2 protein chains.
Amino acid sequence: MLNLGILISGRGSNMEAILDAIKKDKIPINPALIISDVSDARGLHIAKRLGVPAEVIPSAGSRAEYDTMILDALRRYEVTPQNGLVCLAGFMRILGSEFVAKYKNKILNIHPSLLPAFPGLYSQKQALEYGAKVSGCSVHIVDSGVDTGPVIMQAAVPVDVNDTVESLSDKILSKEHIIYPQAVELFARGKIRITGRRVIIS
Amino acid sequence: MLNLGILISGRGSNMEAILDAIKKDKIPINPALIISDVSDARGLHIAKRLGVPAEVIPSAGSRAEYDTMILDALRRYEVTPQNGLVCLAGFMRILGSEFVAKYKNKILNIHPSLLPAFPGLYSQKQALEYGAKVSGCSVHIVDSGVDTGPVIMQAAVPVDVNDTVESLSDKILSKEHIIYPQAVELFARGKIRITGRRVIIS
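Residues numbered from 1 in each chain as written. Chains lettered and ligands numbered in written order. Predicted model: local features only at pLDDT ≥ 70, side-chain atom pairs only at ≥ 80, totals over all residues. Heavy atoms only, no water.

S.K.: Any details on the interface of chain A and chain B? Residues and values, ideally.
M.R.: Each partner contributes residues to the interface: chain A has 26 residues there, and chain B has 26 residues. Taken over both partners, the interface formed by chain A and chain B buries close to 2,100 Å², and the fraction arising from carbon and sulfur atoms is 57%. At the junction of chain A with chain B, the criterion picks out zero salt bridges. Viewed at the interface, chain B and chain A are joined by eight residue pairs in polar contact (both at pLDDT 80 or more). Where the side of chain A that touches chain B is concerned, the elements lending two or more residues are helix H5 (123–130), strand E7 (151–158) and strand E9 (198–201) of chain A. Ranked by the residues each element gives to the side of chain A that touches chain B, the list is headed by E7 of chain A, at six residues. Class assignment for the residues of the side of chain A that touches chain B results in 18 nonpolar, two polar and six charged. (Contact = heavy atoms within 4.5 Å. Buried area = accessible area lost by both parts, 1.4 Å probe. Salt bridge = Lys/Arg side-chain N within 4 Å of Asp/Glu carboxyl O. Polar contact = N/O pair within 3.5 Å; in protein donor to acceptor, adjacent residues only side chain to side chain. Helix = DSSP H or I, 4+ residues; strand = E, 2+ residues; numbered from the N terminus. Nonpolar A, V, L, I, M, F, W, Y, C, P; charged D, E, K, R; others polar.)

Below, the structure is given as structure tokens:
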């Protein structure tokens, strides 16, 4: 059974959705460790309530030094490149290319747009300013770029005339909470195969 | 009542969908003229069958000279910037910026992706090579860029593991045939307002 590490910076709502799904849907993965770079992240309380080990690793040092601290913590909880999966869930730091290379194809992220549209920050605002009529969210493999890795799942949401950044974010978030746990389940059950940029789901 | 000009280069399936909807849904717009740059385009036969005037204007001369021939034809059939709408439906030429400026916000196009993703040619192939799990189509206002104008409507389609360029194109095309006539109807009924990049539908 794989060991799962989840990295958060805030409320951890996707973390919660994943942890709930693991329990409810009996996903064969062990929630081994939550890491937050923010000491009072709401997600830490959720982790505690759900009985999942959590560590706060505040931002410090260079990116490489910080990454090493994260890597050390993952190793201690046996979330290794061989038998682990790392999920970014609103984690606001960018992992360095060495980290990403070490956990190649073992790090997932959720992004609030239909990539390749609207990468980077403020995707919902980007979508509204572009005048998109459909947006959505994407679960993707993390590679060394920003929101550039192979896409595992995507879900669309309509953008309405009256949508604000908040209302659009809420709609997208509710889809995130569906597809992110599904992607974790596919990963845990070994149903994902990556060939180049294409993710084949069996 | 507005006069509608439709520019085609091939089978004209979106043209046919629009003409069918005008009749069936009583859209208040007069199908005034079909223009094809290809003399044996299948769409010309459909236009004839449906009793809509059609002209073949083969590619010739510079872009400006060609655009002038199109403009002349539109004028003769009273598809003017004041009381006309021009729909591109698989028209494989790019209109010059003077043409576009003259018919500002009066030219629509359909594009087989969820813009801003996969602009330009071979969008379905681009989507498959990117590994998108959701793609779709967009009706947009034509501005002086390629597939850059304000978006009126979009529709999403799932991309399946086994999709080929052909199967994905077919799925997207069936959505195109729904949203393009809807966008023409919104335009004909004066329900579209454009502010910057945002298209407000009332």
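Picking up where we left off.
S.K.: Give me the lowdown on the pairing of E7 of chain A, citing residues and values where you can.
M.R.: Residues and elements named next belong to chain A. Of all eight residues in E7, six are buried, a share of seventy percent or more. Pairing between strand E6 (residues 134–141) and E7: seven bridges, direction antiparallel. Bridge pairing in E7 links Ser 138 to Gln 154. (Buried < 20%, exposed > 50% of the residue type's maximum accessible area, 1.4 Å probe, protein only. Pairing = 2+ DSSP bridges.)

S.K.: Explain the side chain of Ser 36 of chain B to me, and be specific about the residues and the numbers.
M.R.: Residues and elements named next belong to chain B. Turning to its location among the elements, Ser 36 is positioned in strand E2 (residues 29–36). Exposure remark for Ser 36: the relative accessible area of 0% places this residue in the buried category. Only 2.6 Å separates the side chain of Ser 36 from the backbone oxygen of Val 38, close enough to count as a polar contact. In this structure, Ser 36 is in contact with Ile 8, Ser 9, Ala 41, Leu 44, Glu 55, Val 56 and Ile 57, ignoring residues within four places of it in sequence.

S.K.: How would you explain the sheet that holds strand E4 (residues 84–89) of chain B if you had to name every residue and give the values?
M.R.: All names here are of chain B. A sheet is described by the order of its strands in space; here seven strands give the open sequence E3-E2-E1-E4-E5-E6-E7, paired in mixed fashion. With one partner strand each, in any of the chains shown, strand E3 (54–56) and strand E7 (151–158) form the two edges of the open sheet. Taking the axes of each pair of neighbouring strands and ignoring which way they run, one obtains an average angle of 20° across the sheet. Pairing geometry for E4 and strand E5 (residues 107–111), over three bridges, is parallel. Among the inter-strand pairings, Cys 87 is bridged to a residue of E5, identified as Leu 108. (Axes fitted to C-alpha atoms, helices over the stretch in contact; angles between N-to-C directions.)

S.K.: Account for empty space enclosed by the protein, naming residues and giving values.
M.R.: Throughout the structure, instances matching the rule amount to three cavities of 30 Å³ or more. What lines the largest cavity is a set of 16 residues, among which Leu 114 and Ala 117 of chain A together with Leu 114, Ala 117 and Val 134 of chain B lie closest to the centre. Among the secondary structure elements, those contributing two or more residues to the lining of the largest cavity are E6 of chain A together with strand E6 (134–141) of chain B. Partitioning the lining of the largest cavity into residue classes produces 12 nonpolar, four polar and no charged. Its volume calculated, the second largest cavity comes out at about 100 Å³. For the second largest cavity, the full set of lining residues is Arg 198, Val 199 and Ile 200 of chain A together with Leu 128, Gly 131, Ala 132, Lys 133, Val 159, Asp 160 and Val 161 of chain B. Among the elements that make up the lining of the second largest cavity, the one with the highest residue count is E9 of chain A (three residues). Residue composition of the lining of the second largest cavity, grouped by class: six nonpolar, one polar and three charged. (1 Å grid on protein atoms, 1.4 Å probe; cavity = no way out; pocket = protein on both sides within 12 Å on 5 of 7 lines; lining within 4 Å. Points joined across faces, edges and corners; volume = space filled by probe spheres on them.)

S.K.: I'd like to hear about the packing of aromatic side chains, residue by residue, with values.
M.R.: Under the criterion given, the structure shown has four aromatic pairs over all chains. With centroids separated by 5.5 Å and ring planes inclined at 35°, the aromatic side chains of Phe 99 of chain B and Tyr 103 of chain B adopt a geometry described as tilted. In this pair, the class of Phe 99 of chain B matches that of Tyr 103 of chain B, namely buried. Stacked on the ring of Tyr 66 of chain B, the Lys or Arg Arg 93 of chain B has its end atom at 3.7 Å from the ring centre. Its end group placed over the ring of Tyr 130 of chain A, Arg 197 of chain B keeps NZ or CZ at 4.1 Å from the ring centre. (Phe/Tyr/Trp six-rings, centres within 6.5 Å; stacked < 30°, edge-to-face > 60°. Lys NZ or Arg CZ within 6 Å of the ring centre and 35° of its normal.)

S.K.: Give me the lowdown on a nonpolar patch on the surface, citing residues and values where you can.
M.R.: Taken together, Met 92, Leu 121 and Tyr 122 of chain A make up a surface patch of nonpolar side chains, about 400 Å² in accessible area. In this structure, Leu 121 of chain A sits in the loop between strand E5 (107–111) and H5. (Patch = residues over 30% accessible without salt bridge, like charges linked within 9 Å, V, L, I, M, F, W, Y side chains within 5 Å. Areas by Shrake-Rupley, 256 points an atom, 1.4 Å probe, with all protein chains shown as cover.)

S.K.: Account for the pairing of strand E9 (residues 198–201) of chain B, with residues named and values stated.
M.R.: All names here are of chain B. Pairing of strand E8 (residues 192–195) with E9 involves four bridges; the strand directions are antiparallel. Residue pairing across strands places Thr 195 opposite Arg 198, the latter belonging to E9. If you look at the hairpin formed by E8 and E9, you'll find two residues sitting between the two strands, and Gly 196 has a positive phi there, around 65°.

S.K.: Account for the sheet that holds E6 of chain A, with residues named and values stated.
M.R.: Residues and elements named next belong to chain A. The seven strands lie next to each other as E3-E2-E1-E4-E5-E6-E7, forming an open sheet whose pairing is mixed. The sheet is open, and its two edges are formed by strand E3 (54–56) and E7, each paired on a single side. Sheet twist, expressed as the mean angle between neighbouring strand axes with direction ignored, is 20°. Bridge count for E5 against E6 is four bridges, and the pairing is antiparallel.

S.K.: Mind laying out the packing of helix H1 (residues 13–24) of chain A against helix H6 (residues 165–188) of chain A, listing which residues take part and the relevant values?
M.R.: All names here are of chain A. Running from amino to carboxyl end, H1 crosses H6 at an angle of 45°, the nearest separation of the two axes being 9 Å. The angle between the axes of H1 and H6 places the two elements in the oblique class. Seen along the crossing, H1 lies across H6 with a hand that is right-handed. In contact with Ser 13, Asn 14, Ala 17, Ile 18 and Ala 21 of H1, H6 contributes Leu 173, Glu 176, His 177, Tyr 180, Pro 181 and Val 184. Looking at the contact of H1 with H6 residue by residue, the class counts come to seven nonpolar, three polar and one charged. (Parallel < 35°, antiparallel > 145°, perpendicular 65-115°, else oblique. Left-handed = near helix turned anticlockwise from the far one by under 90°.)

Read these as layout, nothing more, since geometry by itself doesn't imply function.
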